[in-house]
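Each chain is listed here by its residues.
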Amino acid sequence: MEEKKTIFDYIGHVFCCFGFAMICMAVFTVLFGESAKEISTMFTLSNKGIPVEIMAQYLLLSALIVFARFFFFTDMFLKKGSIVLRTIGMLLVVVSLIACFIYLFDWFPVHMWQPWVMFFICFFICFGISLAVTILKERIENKKMEEGLKKLQKQWEVQDKK
């Protein structure tokens, strides 16, 4: 049974998404900051840190991504649809949102193919990791539920014998 979500759940997911994005940005800043500072606004501080404007943009993007997740994976908006279609829809929305942010905030030159390739590689690696964690979490939860059900069945059998 799914518990009712509150605004605090939404905010928690936003900050989780934002935190993951900032960890990735910190790693990229250290690795590529010096060489990328001339072509990307994300690396204007070189490998010294992440500009506050970029962090604010990532926070806004995180909020929009979490809203897309809420939209596609709760029954509040979409009553029907397979998990595969919902996932594809969310991926398309998230990639579109990120592409808009890239264009609007000049995160990297949109006419260069190399940053786009790096973006898609990073995006799909992160998506793959996220998918693997979600599948693992679901398997663990299903195993716990199955064990709980077996325990309940044993209790009922004992009660029926009395």
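The rules behind the values
- Residues numbered from 1 in each chain as written.
- Predicted model: local features only at pLDDT ≥ 70, side-chain atom pairs only at ≥ 80, totals over all residues.
- Heavy atoms only, no water.
- Helix = DSSP H or I, 4+ residues; strand = E, 2+ residues; numbered from the N terminus.
- Contact = heavy atoms within 4.5 Å.
- Axes fitted to C-alpha atoms, helices over the stretch in contact; angles between N-to-C directions.
- Left-handed = near helix turned anticlockwise from the far one by under 90°.
- pLDDT = per-residue confidence, 0-100.
- Expected span 1.5 Å × (residues − 1).
- Buried < 20%, exposed > 50% of the residue type's maximum accessible area, 1.4 Å probe, protein only.
- Salt bridge = Lys/Arg side-chain N within 4 Å of Asp/Glu carboxyl O.

Looking at the side chain of Gln57
And step 1. Within the element layout of this structure, Gln57 appears in helix α2 (residues 52-73).
And step 2. Non-local contacts of Gln57, meaning those with residues more than four positions away in its chain, are made with Phe101, Phe105 and Trp107.

Looking at the packing of helix α3 (residues 83-104) against helix α4 (residues 113-161)
And step 1. In the contact formed by α3 and α4, the axes pass within 12 Å of each other and the chain directions differ by 140°. Pair α3 / α4 crosses with right-handed handedness. Within the contact between the two elements, α3 uses Thr87, Leu91, Val94, Val95, Ile98, Ala99 and Ile102 and α4 uses Trp116, Phe119, Phe120, Phe123 and Phe127.

Observations concerning the confidence of the model for the chain
And step 1. Across the chain, the average pLDDT comes to 89, with 98% of residues at 70 or higher.
And step 2. Of all the helices and strands in the chain, α4 carries the lowest mean pLDDT, 89, while α2 carries the highest, 94.

As for α4
And step 1. When the terminal C-alpha atoms of α4 are compared, their 71 Å separation across 49 residues agrees well with the 72 Å that a helix rising 1.5 Å per residue should span.
And step 2. What α4 keeps buried is the set Pro115, Phe119 and Phe123.

Section: the pattern of salt bridges
And step 1. If you walk through the whole model with that rule in mind, you get three salt bridges.
And step 2. Residue Lys37 pairs with Glu34 through a salt bridge whose shortest N-O separation is 3.3 Å.
And step 3. A residue is classified by how much of its surface remains accessible, and Lys37, at 32% relative accessible area, is partly exposed.
And step 4. Where Lys137 meets Glu141, a salt bridge forms, and the shortest distance between an N and an O atom there is 3.8 Å. A residue pair is termed a helical-turn pair when its members lie 3 or 4 positions apart in one helix, as Lys137 and Glu141 do in helix α4 at four residues.
And step 5. The exposure class of Lys137 is exposed, given its relative accessible area of 52%.

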